[in-house]
Amino acid sequence: MRVELQQAYVLHARPFKDTSLILDCFTEDYGRVAVLAKGARSAKSRQRQLCQPFTAVSVSWQGKSDLKTMIGLEARSLPVSLKASYLYSGLYLNELLTRLLPERDPYPETYQRYHMALSQLALGEVLEPVLREFELGLLFDMGYAVSFETDHNGEQLIDSAYYLWRDQHGWLLAPEESTSGFSGDSLLAIGRHDWSKAATCLQAKALTRMLLKPLLGNKPLNSRKLFS
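Per chain, the residues get numbers from 1 upward, laid out in the order the sequence is written. Confidence filtering applies because this is a predicted model: local features only for residues at pLDDT of at least 70, side-chain atom pairs given and counted only at 80 or more, and all residues used for totals across whole chains, interfaces and linings. With hydrogens and water set aside, each side-chain value is computed from the structure's full complement of heavy atoms.

**Q** Go over the sheet that holds strand β3 (residues 31–37) with me, naming the residues and quoting the values.
**A** Picture the strands of a sheet paired through backbone hydrogen bonds; they go either parallel or antiparallel. Note: two strands are recorded as paired if DSSP finds a minimum of 2 bridges between them. Numbering of helices and strands runs from the N terminus, with a helix taken as a DSSP run of H or I at least four residues long and a strand as a DSSP run of E at least two residues long. Spatially, the five strands close up into a barrel ordered β1-β2-β3-β5-β4, and their pairing is mixed. Direction aside, neighbouring strands of the sheet carry axes that sit 55° apart on average. Pairing of strand β4 (residues 56–62) with strand β5 (residues 68–75) involves six bridges; the strand directions are antiparallel. Among the inter-strand pairings, S58 is bridged to a residue of β5, identified as E74. Axis definition: a line fit to C-alpha positions, over the contact stretch in the case of helices; interaxial angles, taken between N-to-C directions, run 0 to 180 degrees.

**Q** Describe the nonpolar core, listing the residues and the values that go with them.
**A** Membership of the largest hydrophobic core comes to 45 residues, with the highest contact counts inside it found for L96, Y114 and W171. Those elements giving two or more residues to this core turn out to be β1 (2–16), α1 (84–100), α2 (108–122), α3 (127–141), β6 (162–166), α4 (184–191) and α5 (198–216). Residues count as neighbours in contact if any of their non-hydrogen atoms are within 4.5 Å of one another. If we ignore the near neighbours within four places in the chain, the residues touching L96 are L101, F134, E135, L138, L212, L216 and L221. For this analysis, a nonpolar core means a set of buried residues of the types Ala, Val, Leu, Ile, Met, Phe, Trp, Tyr and Cys, connected via side-chain atoms within 4.5 Å. Only protein chains enter the accessibility calculation, which uses a 1.4 Å probe; a residue is then buried when its area is under 20% of its type maximum, exposed when over 50%, and partly exposed in between. Within the second largest apolar cluster, 17 residues are counted, among which are L21, V33, V57 and V59.

**Q** Give a description of the packing of α1 against α3 that names residues and reports values.
**A** Two elements in contact, α1 and α3, have axes whose closest approach is 11 Å; the angle formed by their N-to-C orientations is 5°. When the interaxial angle is binned, α1 and α3 end up roughly parallel. Residues S85, Y86, S89, Y92, L93, L96, L97 and L100 of α1 form the contact with α3, whose participating residues are L127, L131, F134, E135 and L138. Ten residues, namely Ala, Val, Leu, Ile, Met, Phe, Trp, Tyr, Cys and Pro, are considered nonpolar, four, namely Asp, Glu, Lys and Arg, are considered charged, and the remaining ones, Gly among them, are considered polar. Tallied by class, the residues present in the contact of α1 with α3 amount to ten nonpolar, two polar and one charged. Orientation categories follow fixed angle ranges, with anything under 35 degrees roughly parallel, anything over 145 roughly antiparallel, 65 to 115 roughly perpendicular, and all other angles oblique.

**Q** I'd like a rundown of the pattern of salt bridges, residues and numbers included.
**A** When a carboxyl oxygen of Asp or Glu is within 4 Å of a side-chain nitrogen of Lys or Arg, the pair counts as a salt bridge. Scanning all chains against the criterion turns up ten salt bridges. In this structure, R2 and E4 form a salt bridge, with 2.5 Å as the shortest nitrogen-oxygen distance. Taking the relative accessible area as the measure of exposure, R2 reaches 54% and is therefore exposed. Connected through salt bridges with shared partners, the residues D66, E103 and R104 form a single ionic network.

**Q** Pulling in residues and values, what's your account of the environment of R14?
**A** Tracing the chain through its elements places R14 in strand β1. Residues R14 and Q168, spaced 154 residues apart in sequence, show a C-alpha to C-alpha distance of 38 Å. Aside from chain neighbours lying at most four places away, what touches R14 is S20, L21 and I22.

**Q** Describe the environment of Y88, and please don't skip the residues or the numbers.
**A** Within the secondary structure layout, Y88 lies in helix α1. Taking the C-alpha atoms as reference points, Y88 and T69, separated by 19 residues in sequence, lie 29 Å from one another.

**Q** Can you explain unusual backbone geometry? Please cite residues and give values.
**A** A positive phi angle, close to 50°, is found at L5, a residue other than glycine. Inspection of the secondary structure puts L5 in strand β1. Here A84, not a glycine, exhibits a phi torsion of approximately 50°, which is positive. Following the sequence through the fold, A84 ends up in helix α1.

**Q** Lay out the side chain of S60 in plain terms, naming residues and giving numbers.
**A** Assignment of secondary structure puts S60 in strand β4. Within 3.5 Å is the distance limit for a polar contact, defined as a pair of N or O atoms, with the added protein rule that one can donate a hydrogen and the other accept it, and that residues adjacent in sequence qualify only through two side-chain atoms. Here the side chain of S60 touches L5 through a polar contact of 2.8 Å, landing on its backbone nitrogen. In contact with S60, not counting residues within four places along its chain, are V3, E4, L5, T69, M70, I71 and G72.

**Q** I'd love a proper account of the pairing of β4, names of residues and values included.
**A** Most of β4 is tucked away: six of the seven residues are buried. Hairpin connection, β4 to β5: the antiparallel pair is bridged by five residues, and G63 has positive phi, about 130°.

**Q** An account of the sheet that holds strand β8 (residues 182–183) is requested, with residue identities and associated values reported.
**A** Taken together, the three strands give an open sheet; going across it, the order is β7-β6-β8, and neighbouring strands pair in antiparallel fashion. Among the strands making up the open sheet, the edge pair consists of β7 (170–173) and β8. With four bridges connecting them, β6 and β7 associate as antiparallel partners. Bridging from a neighbouring strand, R166 pairs with G170 of β7.

**Q** Which residues make up α1, and what are the values?
**A** One fewer than the residue count of a helix, multiplied by 1.5 Å, yields its expected span. The end-to-end C-alpha distance of α1, which contains 17 residues, comes to 24 Å, matching closely the 24 Å that a straight helix rising 1.5 Å per residue would cover. Here α1 has its buried residues at S89, G90, Y92, L93, N94, E95, L96, L97 and L100.

So, in structure tokens, the structure goes:
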């Protein structure tokens, strides 16, 4: 199998033998693909700077095994430069993709979401909306859609009520006296992509962590350690 000039982002690079790298690339048409970049760690390699995370590249590869051999790498744009919390956030997005998406399954919508999120991080936009929109979009693309309009009976969410999430069912109305769970006001705001209230951001963060936890398993995310 030979693939020419596939648009991709480098998610992660790890050393292989003395002078090579294994790149985890997120491609537009093939999803996540691991490629062996022979000699990329060499001081004389012209590809060395292109093998960094957040780099938009056109990559070519060949091979029949799971690990493909890279036969070409070209820059599509200047590398995205992220610092401090924006760098940690970018690493978090990369780790989510690496941990959650199976190799060689195309996720074109997720690819576009990632491209947009990186652009927003590079522009220094407010972090919480960027991260929450990406997480919820990723969950949707993977088949874990959440309704922010109706409960499990198809009834419109009530802004003054509180709701509990149940897998395979959806939103259940919490007991009338309850103030735990997720407020209808925040859920409706998430559905409108309205991040103007701090409470909405906090509830969205609690929700995405709850939904992602069983998918990520017990192994902690390395990128979250950086935030702390």
